[in-house]
Amino acid sequence: MATKSEGGDIDEIRKDIEETLGFVPGFWELNDEDLVNEWPNFKRHAFEETAIPPKYKELIGLAIAANIKCPYCQHFHKEAAKMHGATEEELKEIAFLSSWTARYSAIIHGMDYDMDTFEDEFERMAEHLEEQMTADD
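Predicted, not measured: the structure shown is a model, and the values here were computed from it. (Residues numbered from 1 in each chain as written. Predicted model: local features only at pLDDT ≥ 70, side-chain atom pairs only at ≥ 80, totals over all residues. Heavy atoms only, no water.)

**Student:** How should I be thinking about helix 1 (residues 10–21) in this particular structure?
**Tutor:** Since one α-helical turn is 3.6 residues long, residues separated by three or four positions face the same way. Between its first and last C-alpha, helix 1 extends 16 Å over 12 residues, near the 16 Å set by a 1.5 Å rise per residue. Along helix 1, the positions that sit buried rather than exposed are Ile10, Ile13 and Ile17. Buried residues of helix 1 fall within an arc of 55 degrees about the axis and therefore sit on the same side. In this structure, helix 1 carries Glu12, Lys15 and Glu19 as exposed residues pointing more than 90 degrees from its buried face. A distance of 2.7 Å separates the backbone nitrogen of Asp11 from a side-chain oxygen at the start of helix 1, and that oxygen is part of Asp9. Gly22, located one to two residues past helix 1, shows a positive phi value of around 95 degrees. (Helix = DSSP H or I, 4+ residues; strand = E, 2+ residues; numbered from the N terminus. Expected span 1.5 Å × (residues − 1). Buried < 20%, exposed > 50% of the residue type's maximum accessible area, 1.4 Å probe, protein only. Arc of directions from axis to C-beta. Polar contact = N/O pair within 3.5 Å; in protein donor to acceptor, adjacent residues only side chain to side chain.)

The following block contains the structure:
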């Protein structure tokens, strides 16, 4: 007898995973309730059209994976990015860019920089950059 959960029939979910991925990978061997809740979100964001194009999603995922130092995530997102057309040059650039947020976070936190000052300064920079972009048009 199939187990029913709020998100659907567990047998249907497992069948959908197999149809989507070719088999049910071991890391999808979650308890029934978690699998029924988790798979639809994963499938939507990994395989369906959303506001962010697939290659960009995977490059973002790769940058995050590099920062959290997850080898599983790094492998998944790097290979998925390549499947979606990411070039070696883009992969090299994302490797460099993925260090920026952590680097500048460490610098600014190390300075114990005032958040209100930071936000005000960012607004001033944004206004200046927008003026430059308008002048260039």
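From this point on, the discussion continues.
**Student:** Honestly, the packing of aromatic side chains in this entry has me stumped. Any pointers?
**Tutor:** Between two aromatic rings, the relevant description is the distance of the centres plus the angle of the planes. Scanning the model with the defined rule gives 8 aromatic pairs in all. Judged by centre distance (6.0 Å) and plane angle (45 degrees), the ring pair of Phe27 and Trp28 falls under tilted. According to the relative accessible area criterion, Phe27 is exposed, its value standing at 59%. A centroid spacing of 6.4 Å and a plane angle of 80 degrees characterise the contact between Trp100 and Tyr104, whose relative ring orientation is edge-to-face. Highlighted residues: Trp100 and Tyr104, both in helix 5 (residues 88–110), separated by 4 residues, approximately one helical turn. Through a chain of ring-to-ring contacts, the aromatic side chains of Phe27, Trp28, Trp39, Phe42, Phe47 and Phe76 assemble into a single cluster. Taking NZ or CZ as reference, Arg103 lies 5.7 Å from the ring centre of Tyr104, over its face. (Phe/Tyr/Trp six-rings, centres within 6.5 Å; stacked < 30°, edge-to-face > 60°. Lys NZ or Arg CZ within 6 Å of the ring centre and 35° of its normal.)

Take it as geometry only, folks, not as evidence of what the structure does.
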